Amino acid sequence: MSARVLVVDDVLPNVKLLAAKLTREYFNVLTAFNGPDALEMVRKESPDIVLLDVMMPGMDGFEVCEKIRSDPATMHIPVVMVTALSDIADRVRGLEAGADDFLTKPVNDIALFARVRSLVRLKMMMDEWRLRETTSGQFGVIERSGTMLSESLRARKRAGAGGFRARSRKDHGHAGA
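Residues numbered from 1 in each chain as written. Predicted model: local features only at pLDDT ≥ 70, side-chain atom pairs only at ≥ 80, totals over all residues. Heavy atoms only, no water.

**Quick notes on the side chain of Thr83**
Here Thr83 is to be found in strand E4 (residues 79-83). Classification of Thr83 by relative accessible area gives buried; the value is 3%. There is a polar contact of 2.8 Å between the side chain of Thr83 and the backbone nitrogen of Leu85. Contacts of Thr83, omitting those with residues within four sequence positions, involve Val54, Phe102, Leu103, Thr104 and Lys105. (Helix = DSSP H or I, 4+ residues; strand = E, 2+ residues; numbered from the N terminus. Buried < 20%, exposed > 50% of the residue type's maximum accessible area, 1.4 Å probe, protein only. Polar contact = N/O pair within 3.5 Å; in protein donor to acceptor, adjacent residues only side chain to side chain. Contact = heavy atoms within 4.5 Å.)

**Some words on helix H1 (residues 12-24)**
The terminal C-alpha atoms of H1, which comprises 13 residues, lie 18 Å apart, in line with the 18 Å expected from a rise of 1.5 Å per residue. Taken together, the buried positions of H1 are occupied by Val15, Leu18, Ala19, Lys21 and Leu22. Buried residues in H1, looked at end-on, bunch into an arc of 165°, giving them a common side. Opposite the buried face of H1, by more than 90 degrees, sit the exposed residues Pro13 and Lys16. Its buried side turned inward, H1 meets strand E1 (4-8), strand E2 (28-32), strand E3 (49-53) and helix H5 (109-138). At the C-terminal side of H1, Tyr26 shows a positive phi close to 70°. (Expected span 1.5 Å × (residues − 1). Arc of directions from axis to C-beta.)

**With respect to the side chain of Lys21**
When you line up the elements, Lys21 lands in helix H1. Those residues in contact with Lys21 that sit more than four places away from it in its chain are Val107, Asp109, Leu112 and Phe113.

**Remarks on unusual backbone geometry**
Cis geometry is found at the peptide bond from Lys105 to Pro106, where omega equals -5°. Tracing the backbone shows Pro106 in the loop between strand E5 (101-104) and H5. Even without glycine at this site, Tyr26 takes up a positive phi of about 70°. Of note in this structure, Ser46 is not a glycine but carries a positive phi near 45°. Position of Ser46 relative to the elements: it lies in the loop between helix H2 (35-45) and E3. Residue Ser46 is classed as partly exposed on the basis of its relative accessible area of 39%.

Have a look at this one:
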């Protein structure tokens, strides 16, 4: 799996170490050394995932994460906070800022690759879903202002007074059963 990973940390050796590990696993690595540069890279390069240090001078990782989440063009990009902080309050603050996951420094390689691959797979599925939604809107399958999710919920509501009805293989276009 090749994906574009943005590594953000103000400490050069940390960036080089993560970049080397990810490159060895065939990821394309982009780097930034502070919050404003990270936000510019996110907007300009549209990475598949962001590995974000929490403790950086100026704009910290929490603020960067909040800004990524507040922009409709970037809010779908997974963000993993990479931190030496192990306090529960810091993790809660990160989740409230919009982080998808955490890695604790020093980063375990197996955990790093598993989280990156998992979140990139999820992002690819969501990208496909958004593309299908856009295409469906262009062909009039769904209302342009609606979403597939809301259309699906409305269809389920019509089918069973708000409940979920059992669907047969026939409902999904399969023969038999």
